[in-house]
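What the coordinates show
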Amino acid sequence: MSILTISTIKNYIELTKPRIAFFCLIMTAGGVILASDKISILSLIMTFIGTALSVASANTFNMVYERHTDQFMKRTQFRPMVVGKIKVKHALIFACVLAVVSLTLLVYFVNILTAVLAFAAIVFYAAIYTPLKVKTPLALVIGAVPGAIPPLLGWTAVDNKVTPAALALFGVLFAWQMPHFIAIAIYHKADYAKAGIQVVPVVRGERAAKIQALLWTICLVLMSMLLIYFKLGGYIYAFFAVTLGFWFLYLSLVGLFRVTPNWPRKFFIASLIYLPALVLGLIIDRCASFLKF
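The structure contained in this document is the topic of the report that follows. (Residues numbered from 1 in each chain as written. Predicted model: local features only at pLDDT ≥ 70, side-chain atom pairs only at ≥ 80, totals over all residues. Heavy atoms only, no water.)

**Some details on the overall build of the chain**
Short version of the rule: Only runs of H or I of at least four residues qualify as helices and only runs of E of at least two qualify as strands under DSSP, and these elements are numbered from the N terminus. Only the C-alpha atoms count toward the radius of gyration. The rule for a globule is 2.2 Å times the residue count to the power 0.38. Note on exposure labels: buried denotes an accessible area under 20% of the residue type's maximum, exposed denotes more than 50%, and partly exposed covers the range between, all computed with a 1.4 Å probe on protein chains only. By definition, residues are in contact when any of their heavy atoms lie within 4.5 Å. Here the Shrake-Rupley method, with its probe set to 1.4 Å, supplies the accessible areas, and only the displayed protein chains count as covering residues. The charge count includes Lys and Arg as positive and Asp and Glu as negative, but it does not include His or the ends of the chains. By convention, charge coordinates are those of NZ in Lys, CZ in Arg, CG in Asp, or CD in Glu.
When you go through the chain residue by residue, the secondary structure sums to 14 helices and 0 strands. When the elements of the chain are put in sequence order from the N terminus, they spell out α-α-α-α-α-α-α-α-α-α-α-α-α-α. Over its C-alpha atoms the chain spans a radius of gyration of 19 Å, differing by no more than 12% from the 19 Å that the globule rule assigns to 293 residues. For the chain, buried positions account for 48% of its 293 residues. Put simply, of all contacts in the chain between residues at least 6 apart along the chain, 73% involve residues at least 24 apart. With an accessible surface of roughly 14,700 Å², the chain has 72% of that area assigned to carbon and sulfur atoms. The averaged location of the 8 negative side-chain charges in the chain is 5 Å from the averaged location of its 25 positive side-chain charges.

**Some remarks on the nonpolar core**
The condition that has to hold: Residues belong to a common nonpolar core when they are buried Ala, Val, Leu, Ile, Met, Phe, Trp, Tyr or Cys residues joined through side-chain atoms within 4.5 Å.
Counting residues in each nonpolar core, the largest one holds 57 residues, and the members touching the most others are Trp155, Val172, Leu220, Leu227, Tyr274, Leu275 and Leu278. For this core, the leading source of residues is helix 9 (residues 164-187), giving 14 residues. When residues no more than four places from it in sequence are discounted, the contact partners of Leu227 are Ala168, Leu169, Val172, Leu232, Gly233, Tyr237 and Leu282.

**Details of empty space enclosed by the protein**
Put simply, the rule is: Definitions used for this entry: grid spacing 1 Å over protein atoms alone; cavity, a set of points where a 1.4 Å probe fits but cannot get out; pocket, an open set with protein on both sides within 12 Å along at least 5 of 7 lines; lining residue, one with an atom within 4 Å of a point. Grid points are joined across faces, edges and corners, and a volume is the space filled by probe spheres set on the points. Residue type decides the class: Asp, Glu, Lys and Arg count as charged, Ala, Val, Leu, Ile, Met, Phe, Trp, Tyr, Cys and Pro as nonpolar, and the leftover types, Gly among them, as polar.
Using the criterion set out here, one finds 1 cavity of 30 Å³ or more in the structure. Taken as a whole, the largest cavity spans an internal volume of roughly 130 Å³. Contributing to the lining of the largest cavity are 15 residues, with Met27, Leu34, Leu169, Val279 and Leu282 lying nearest its centre. Looking at the lining of the largest cavity, the elements with two or more residues in it are helix 2 (18-34), helix 9 and helix 14 (263-291). Partitioning the lining of the largest cavity into residue classes produces 13 nonpolar, 2 polar and no charged.

**Thoughts on helix 6 (residues 112-132)**
Formally: To estimate the expected span of a helix, subtract one from its residue number and multiply by 1.5 Å. The angle separating two fitted axes, one through the seven residues that finish at a residue and one through the seven that start at it, defines the bend at that residue. Contacts described as polar in this section are N or O atom pairs within 3.5 Å, which, within protein, must combine one atom able to donate a hydrogen with one able to accept it, while residues neighboring in sequence count only if both atoms come from side chains.
Compared with an ideal rise of 1.5 Å per residue, which puts 21 residues at 30 Å, helix 6 spans 29 Å between its outermost C-alpha atoms and is within 8% of the ideal. When the local axis directions of helix 6 are compared, the greatest deviation, roughly 30°, occurs at Phe124. Those residues of helix 6 that fall on the buried side of the exposure criterion are Thr114, Ala115, Leu117, Ala118, Ala121, Ile122, Tyr125, Ala126, Tyr129, Thr130 and Pro131. Tucked inside the fold, the buried residues of helix 6 contact helix 3 (41-65), helix 5 (88-110), helix 7 (139-147) and helix 8 (150-159). Where helix 6 begins, the side chain of Asn111 points an oxygen toward the backbone nitrogen of Leu113, at a separation of 3.3 Å.

**Some points on the packing of helix 5 against helix 6**
Our working definition: Note on geometry: axes are lines fitted to C-alpha atoms, helical ones only across the stretch in contact, with angles between N-to-C directions running from 0 to 180 degrees. Roughly parallel here means an angle under 35 degrees, roughly antiparallel means over 145, roughly perpendicular means 65 to 115, and every remaining angle is called oblique. Take the far helix as the reference: if the near one is turned anticlockwise from it by less than a right angle, the crossing is left-handed, and if turned clockwise, right-handed.
Where helix 5 contacts helix 6, the axes come no closer than 7 Å and their chain directions differ by 160°. Comparing the axis directions of helix 5 and helix 6 gives the class roughly antiparallel. Two packed elements cross with a definite hand, and for helix 5 against helix 6 that hand is right-handed. Contact residues: helix 5 offers Ala99, Leu103, Leu106, Val107 and Val110, while helix 6 offers Ile112, Thr114, Ala115, Ala118, Phe119 and Ile122. A breakdown of the residues in the contact of helix 5 with helix 6 according to their chemical character gives 10 nonpolar, 1 polar and no charged.

**Considerations on the environment of Leu98**
Among the secondary structure elements, Leu98 is positioned in helix 5. The buried category is assigned to Leu98, whose relative accessible area is 10%. As a C-alpha pair, Leu98 and Val202 span 104 residues in sequence and 34 Å in three-dimensional space. Aside from chain neighbours lying at most four places away, what touches Leu98 is Thr16, Leu53, Ala56, Ser57 and Thr60.

**Observations concerning the packing of aromatic side chains**
Keep this limit in mind: Stacked, edge-to-face and tilted are the three classes for Phe, Tyr and Trp ring pairs, Trp counted by its six-membered ring, which pair at centre distances within 6.5 Å; planes under 30 degrees apart are stacked, over 60 edge-to-face, the rest tilted.
For the coordinates displayed, the defined rule picks out 12 aromatic pairs. Between the aromatic rings of Phe23 and Trp176, the centroid separation amounts to 5.4 Å while the plane-to-plane angle is 25°, which identifies the pairing as stacked. Of this pair, Phe23 sits in helix 2 while Trp176 sits in helix 9, placing them 153 residues apart in sequence. Note on Trp176: relative accessible area 4%, which makes it buried. Centre to centre, the rings of Phe239 and Phe240 are 6.1 Å apart; their planes meet at 90°, and the pair counts as edge-to-face. A relative accessible area of 56% places Phe239 in the exposed class. Members of the aromatic cluster, each reached through a chain of ring pairs, are Trp247, Phe248, Trp263, Phe267 and Tyr274.

**Here we look at unusual backbone geometry**
Most peptide bonds adopt trans geometry, and most residues besides glycine take a negative phi value. The phi angle at Asn160 is positive, at roughly 60°, despite the residue not being glycine. Even without being glycine, Asn262 reaches a positive phi, approximately 60°. Tracing the sequence through the fold places Asn262 in the loop between helix 13 (235-257) and helix 14. Assessed through its relative accessible area of 41%, Asn262 is described here as partly exposed.

If you want it as structure tokens, here you go:
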């Protein structure tokens, strides 16, 4: 039996897409903070570990499935599965172990509902979204479902139920993913076309993609306002939501109606600023309400 080297460990970690997993943990934390009840320290820790492992499992399955198309894209052509640093059977075993451990921890230390949602996210991402990417641009909408589940995991870990307020939080992340990934698809349009991945800019053209980005941005802004309706955020959050919403909406309009050099990359970076800033507004608002500020 070969001994795991640091290089091998790094390759396995790369399979899990750690940056995406970290982002999902932030959104899970948001769900925990906004839920109406309290959670024990042990359950909280296991919620984060279980979420991280479930995301890692889904990402690993994704890496295995896309090893043939990844070789055609500059940003993915050196992934471990593409260059043969990890065998397929080993990667599949790794993904399955991550899934089993994740679900076991969530069932035993958190609750069954949270485990069911995590399992659904893995199945949606790995078995439905990933194969559909080479068949239809609608795969993006389907892929946004598991992508928006992390805040629900945090919420249900605390409340053990899915409420309308929790679904509004889910809706914000769901809607945000659409313009975020459309910007990526426009920026890497040539690579996606080469790999045979059916994204909107490739199938329907850049203008259609920009129109969709605008419509989803409008949906995102409206969904962010729903959090105020459900009393998840007050005046401080409202300021963040309105300010960020107008800014992000303006940028989407610029992309559609002006010839702006490197707009897809700028819009993508803006999306990375928008969501953490919106979550920050929620956290500040919640902290202020606790302190009766």
